[in-house]
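Structural description and commentary
Here is how the chains run, residue by residue.
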Amino acid sequence: MDAHARREESWRPQTRLVRGGLRRSAFCETSEAIYATSGFVYEAAEEAEDAFANRVDRYIYSRYDNPTVGMFEDRLRLIEGAEACRATASGMAAVFASLACMVEAGDRVVGARALFGSCLFILTDILPRLGVETTIVESPDMDAWAAALDRPARAVFLESPSNPGLDIFDIRAISKLAHDAGAMVIVDNVFATPLLQRPLELGADIVVYSATKHIDGQGRCLGGAVLGSEEYCMGTLKTFMRHTGPSMSPFNAWVLLKGLETLQLRLNQHCRSARGIATALAARGDLVRVLYPGLESHPQHALAKAQMSDFGSVVTIDIDGGKDRAFRFMNGLGLVDISNNLGDAKSLVTHPATTTHQRLSPAERDGLGITDGLVRLSIGLEDPADLLEDVAGALDRA
């Protein structure tokens, strides 16, 4: 490790968010450079031969590596505390690559039922077509996980907090069971971000992100990331990505670098506002449920406190009256926008049963607690008093 790398490792999180991975060109720019190039040139044919034979370390093609993307990967790796990081074109590209690079026909994958709809589709539809057996665990209950991991598995996939029901999974306990079964543990940490939860420190092997969410935080671009050991990221995963091409664009990497600079500041406000709004909504008494890990009423509140430093920007409410009243509530909002994204500076609302989880059967949605009255709120950076007035007013009118 060179002197610069040692200095980066000693920095505190906020300094890493601003300066981690920074590599200035000969022009000594203040802001990171955007290397908007598909390829790189060689001084001689022999140099190209050495590059492709891995005898020299240099950039070959932006589908493989790119200087701007590399800065984003280095910065996120420093924040996560991981050995290595590979950036992808989107969060779902990260999820699929993290699994597809390691499994083959005959393997078994264990996953939580409480997943984002597209993640569940990969586990229950795509992987089985490739000859991979998938076992789905229906709840965070540890007895259910112990039963699912009582025989060998190749990988375990979960998200905590989950989307949209905000279930909290015991990452440390599940990782122990998974490792005993020979499985690597992949945690989708998108709701928590690397600042609120550290899955690798809790025993997980791999962390995935949709950087589209809080890391960008302003609805500008898509991106994803997979983090883990040097052996996994720069071996198994890098080879898979090199030949399948889910690469991040240099411009998106630059946007996400800018997003990381303000992530801590934004996230502090997100959490404060979400906690206040969740508390106020829980006090109303006219909602079936208010789900937020920071509320003592949350079923896994104690576990959330144990493995998270704060509780995130998402508040989920269950409105009595089903889809009709939920839609009246959403349509009555004047400040909060209807959108299926989250982690944005702007507050957003979505109806999971008809959007992100619409492909599930009614019985499957019921099993996840996704009722027709369930609404997911992503609390943004507006004044929390304005947000609460908007949400409370829309509920009253609905």
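Each remark here, short or long, concerns the structure printed above.
What comes next concerns the included structure. Everything quoted here is computed from the prediction, not taken from an experiment.

Observations concerning the sheet that holds strand β4 (residues 155-159)
- One open sheet holds the 7 strands; their spatial order is β1-β7-β6-β5-β4-β2-β3, and the pairing between them is mixed. Each edge of the open sheet is held by one strand with a lone partner, namely β1 (84-88) and β3 (133-137). Averaged over all adjacent pairs, the angle separating strand axes in this sheet is 20°, with direction ignored.
- Bridge count for β4 against strand β5 (residues 184-188) is 5 bridges, and the pairing is parallel. By the bridge assignment for β5, Val156 is matched with Val185.
- Strand contacts of helix α10 (residues 230-244): β1, β5, β6 (206-210) and β7 (224-228), with the helix running at about 25° to β1, the strand carrying the most contacts.

Comments concerning helix α16 (residues 384-397)
- Here α16 spans 20 Å end to end across 14 residues, near enough to the 20 Å set by a 1.5 Å rise per residue.
- Of the positions making up α16, those classed as buried are Leu387, Asp390, Val391, Ala392, Gly393, Ala394 and Leu395.
- Where α16 is buried, its residues touch α12 (263-282), β9 (314-318), α14 (322-331) and β12 (374-378).

Topic: the packing of aromatic side chains
- The final tally for this structure, using the stated rule, is 6 aromatic pairs.
- For the ring pair Phe96 and Phe240, a centre distance of 6.5 Å and an interplane angle of 65° mean the geometry is edge-to-face. Taken as a pair, Phe96 in helix α5 (residues 91-100) and Phe240 in helix α10 lie far apart in primary sequence, 144 residues in all.
- The class for Phe96 is partly exposed, based on a relative accessible area of 28%.

Here we look at the pattern of salt bridges
- Taken as a whole, this structure holds 22 salt bridges when the rule is applied.
- The salt bridge involving Arg77 is made with Glu9; its shortest N-O contact spans 3.4 Å. Taken as a pair, Arg77 in helix α4 (residues 67-80) and Glu9 in helix α1 (residues 3-10) lie far apart in primary sequence, 68 residues in all.
- Looking at Arg77, the relative accessible area reads 16%, which means it is buried.
- Accessibility expressed as a relative area gives 35% for Glu9, which makes it partly exposed.
- Note that Asp50 is salt-bridged to Arg55, the shortest N-O span being 2.8 Å.
- Overall, the relative accessible area of 23% leaves Asp50 in the partly exposed class.
- Members of the salt-bridge network, linked through shared partners, are Glu32, Arg75, Lys258 and Glu261.

Calculation criteria
Residues numbered from 1 in each chain as written. Predicted model: local features only at pLDDT ≥ 70, side-chain atom pairs only at ≥ 80, totals over all residues. Heavy atoms only, no water. Pairing = 2+ DSSP bridges. Helix = DSSP H or I, 4+ residues; strand = E, 2+ residues; numbered from the N terminus. Axes fitted to C-alpha atoms, helices over the stretch in contact; angles between N-to-C directions. Contact = heavy atoms within 4.5 Å. Expected span 1.5 Å × (residues − 1). Buried < 20%, exposed > 50% of the residue type's maximum accessible area, 1.4 Å probe, protein only. Phe/Tyr/Trp six-rings, centres within 6.5 Å; stacked < 30°, edge-to-face > 60°. Salt bridge = Lys/Arg side-chain N within 4 Å of Asp/Glu carboxyl O.

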